[in-house]
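Descriptive structure summary
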Amino acid sequence: MTTVYLKPKKEESLKRFHPWVFSGAIARVVLDAGHKTSAPDEGELVCVRSSADEVLGVGHWQIGSIAVRILAFGEEKLPVNFWIQRINAAYKVREAIGLIRSDNNTFRLVHGEGDFLPGLIVDVYADTAVVQAHSIGMHLCRNEIADAILAEVPQVQNVYYKSDDTLPFKAAIEGEKTGYLIETVQDRKAQNEAFWSTENGLDFRIDWLRGQKTGFFIDQRENRALVERYAAGKEVLNMFCYTGGFSLYALRGGAKHVDSVDVSQKAIDLVNVNVAKNFPKATNHTAVTADAFEYLSAQKAQNRTFDLIILDPPAFAKHRDAVKNALRGYQRINAKAIEMISHGGILFTFSCSQAVDKEAFRLAVFSAAAQVGRKVRILHQLHQPQDHPINIYHPEGEYLKGLVLYVE
Ligand code: SAH
């Protein structure tokens, strides 16, 4: 196996279980026999050793500033049954936090570094697991991963792979980046490849083929449940609603009326399907395909107000250098929303940009309140749920943050 030797004193972070080896920490690489090139192949398993020849761990090699992502600390090569053990451990955590129930079969099974599997995301929707690889190393292991999921997660029968948008751009990646890895239930095509999955007793139609990310935003589950608690008797606006997650919880919570708004027509079509399935008699829901800024301006022109607004925009900053613009964006959209909240109303506002930290986001929201002259107080500070765990040695894994504000 190829061995990567670190420079003196560069082993410290690995000894503290931080899973990344930066290229600057590497002294030399000893390739195993048979390499035609002068560097390891992208995605190759390599053993990492200290300058004193101590084994630090085994991980996937990749090209870029993060050169190795460690899979197993203190091991020279991947243990036998590695994938089975890791997937089993991840499943046990989901069981322990109470997500495997007759009224809930929707959960994130693997959250990258948070489950000690850097570069891998797995979401489970009823009998189907959707796998996303963010590294070539995980891409190359996709079949072993699929087999382990099938073996360890009782409800799963199909494994769909969806890594078109998540793998680093490379001209030639071996193998398909999308498609079924395991297809036990064959009649999906007849069902238009979309089906129902249940979250906290609410049914959602999930379209992993055409939908965003793996098909659904599981990360807002707990925050949606909180909206349910606040919704009774309220005029609700669910802005950036996607397939209507927050809307269904608001309706179940007894909202007077819910407006669901998204710029994507496909998303709005699914909102209507989801509302019809869960609340067939509802007459208090309206779904609108519109741009957020235009919609808010149009409502304001009609002097409309809402008692509860949810703002869950897509990541405004995908990279560090976009943070300044993103903060301006958060301030603008929040100002527009706060302006339209009735006295004593509530705002649920979120940022899923990993590059925007909690403090910066809070400042942007407070600047928005000040800009429109409304007094606000924080009722809750929200974050990603338990099935999106943060590896304590990898705080970069924290990305979702939210505030619930009381607006006077
Ligand atoms: N709250 C949702 C997830 C939101 S994801 C849930 O609980 O499932 C962000 C959504 O914002 C996407 O559906 C995307 O289509 C939508 N979006 C992106 N830009 C937009 C814009 N300018 N106006 C309205 N919606 C937009």
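Residues numbered from 1 in each chain as written. Predicted model: local features only at pLDDT ≥ 70, side-chain atom pairs only at ≥ 80, totals over all residues. Heavy atoms only, no water.

With that settled, consider unusual backbone geometry. A negative phi holds for most residues other than glycine; trans holds for most peptide bonds. Here the phi dihedral of N81 falls at roughly 65 degrees; this positive angle occurs in a residue that is not glycine. Counting through the fold element by element, N81 comes out in the loop between β6 (66-73) and α2 (82-96). For N200, which is not a glycine, the phi torsion comes out positive at approximately 45 degrees. Inspection of the secondary structure puts N200 in the loop between β12 (195-199) and β13 (202-206). (Helix = DSSP H or I, 4+ residues; strand = E, 2+ residues; numbered from the N terminus.)

Turning next to the site of the ligand. Neighbouring residues of the ligand: 15 residues in total, closest R224, D262, D291, A292 and D312. At a separation of 3.1 Å, an oxygen atom of the ligand approaches a polar side-chain atom of Q212. F240 places a main-chain nitrogen or oxygen 3.3 Å from a nitrogen atom of the ligand. Expressed as a share of its isolated accessible area of 590 Å², the protein-covered part of the ligand is 89%. Partitioning the shell around the ligand into residue classes produces nine nonpolar, two polar and four charged. (Near = heavy atom within 4 Å. Polar contact = N/O pair within 3.5 Å; in protein donor to acceptor, adjacent residues only side chain to side chain. Areas by Shrake-Rupley, 256 points an atom, 1.4 Å probe, with all protein chains shown as cover. Nonpolar A, V, L, I, M, F, W, Y, C, P; charged D, E, K, R; others polar.)

Attention now goes to the packing of helix α9 (residues 323-339) against helix α10 (residues 358-371). Two elements in contact, α9 and α10, have axes separated by 8 Å at closest approach and are oriented at 40 degrees. Judged by the angle between their axes, α9 and α10 are oblique. Crossing geometry of α9 relative to α10 is assigned as right-handed. The residues of α10 that touch α9, namely those facing L327, Y330, Q331, N334, A335 and I338, are A360, F361, A364, V365, S367, A368, A369 and Q371. Here the contact of α9 with α10 is built from residues that sort into 10 nonpolar, four polar and no charged. (Axes fitted to C-alpha atoms, helices over the stretch in contact; angles between N-to-C directions. Parallel < 35°, antiparallel > 145°, perpendicular 65-115°, else oblique. Left-handed = near helix turned anticlockwise from the far one by under 90°. Contact = heavy atoms within 4.5 Å.)

Glancing now at the pairing of β13. Along any regular strand the residues' side chains alternate between the sheet's two faces. Extensive coverage of β13 is indicated by the burial of four of its five residues. Two strands pair when backbone bridges link them, and β12 and β13 are joined in this way by five bridges, in the antiparallel orientation. By the bridge assignment for β13, W196 is matched with R205. Connecting the antiparallel pair β12 and β13 is a turn made up of two residues, with N200 showing a positive phi of about 45 degrees. (Buried < 20%, exposed > 50% of the residue type's maximum accessible area, 1.4 Å probe, protein only. Pairing = 2+ DSSP bridges.)

Sheet architecture is open: seven strands sit in the order β16-β15-β14-β17-β18-β20-β19, paired in mixed fashion. Only two strands of the sheet have a single partner each, and these edge strands are β16 (285-289) and β19 (376-383). The mean inter-strand angle of the sheet, taken between neighbouring strand axes irrespective of direction, is 15 degrees. With five bridges connecting them, strand β15 (residues 257-262) and β16 associate as parallel partners. Counterpart to V258 in the pairing with β16 is H285. Of the strands in this sheet, β17 (306-311), β18 (341-351), β19 and β20 (401-407) touch helix α5 (residues 221-230), which is tilted by about 145 degrees from β19. The strands touched by α10 are β18, β19 and β20; relative to β20, the strand with the most contacts, the crossing angle is about 25 degrees.

The subject of this paragraph is the nonpolar core. Formed by 36 residues in total, the largest nonpolar core has its most connected members in Y125, F204, V236, A250, I310, F348 and F350. Per-element tally for this core: the top contributor is helix α6 (residues 245-252), with five residues. Not counting chain neighbours up to four residues away, the residues in contact with I310 comprise V227, V236, L237, N238, M239, F246, F348 and F350. (Core = buried A, V, L, I, M, F, W, Y, C linked by side-chain atoms within 4.5 Å.)

A few words on the domain arrangement of the protein. You can read the domains of the protein as domain 1 (2-73), domain 2 (82-196) and domain 3 (217-407). A C-alpha centroid distance of 27 Å is found between domain 1 and domain 2. Taken together, the contacts link 10 residues of domain 1 with 14 residues of domain 2. Interface area, domain 1 with domain 2, both sides summed: about 920 Å², of which 63% is carbon and sulfur. The tally of links from domain 1 across to domain 2 stands at zero salt bridges. Viewed at the interface, domain 2 and domain 1 are joined by three residue pairs in polar contact (both at pLDDT 80 or more). Top contributing element to the side of domain 1 that touches domain 2 by residue count: β6, with four residues. Of the residues that constitute the side of domain 1 that touches domain 2, the class distribution is five nonpolar, three polar and two charged. (Domains from an automatic or database assignment. Buried area = accessible area lost by both parts, 1.4 Å probe. Salt bridge = Lys/Arg side-chain N within 4 Å of Asp/Glu carboxyl O.)

Below, the discussion takes up a nonpolar patch on the surface. A cluster of nonpolar residues, F17, I392 and Y393, forms a patch on the protein surface that exposes about 330 Å² of accessible area. Along the chain, F17 falls in the loop between α1 (12-15) and β2 (20-22). (Patch = residues over 30% accessible without salt bridge, like charges linked within 9 Å, V, L, I, M, F, W, Y side chains within 5 Å.)

In this section: the side chain of R374. With respect to the secondary-structure elements, R374 resides in the loop between α10 and β19. No salt bridge is formed by the buried R374, whose closest oppositely charged neighbour, E339, lies at an N-O distance of 8.3 Å. Among all residues touching R374, those that are not within four sequence positions of it are I338, E339, I341, S342, H343, A369, V407 and E408. (Lys, Arg positive; Asp, Glu negative; His and termini not counted.)

For the rest of this paragraph, the subject is the pairing of strand β5 (residues 55-61). In terms of burial, β5 is largely enclosed, as six of its seven residues are buried. Relative to β5, strand β4 (residues 45-49) is paired through five bridges, and the arrangement is antiparallel. Across the sheet, the residue bridging to C47 is V58, located in β5. The loop that links β4 with its antiparallel partner β5 comprises five residues; one of these, D53, has a positive phi angle of about 70 degrees. Across five bridges, the pairing between β5 and β6 is antiparallel. Bridged to G59 within β6 is I70.

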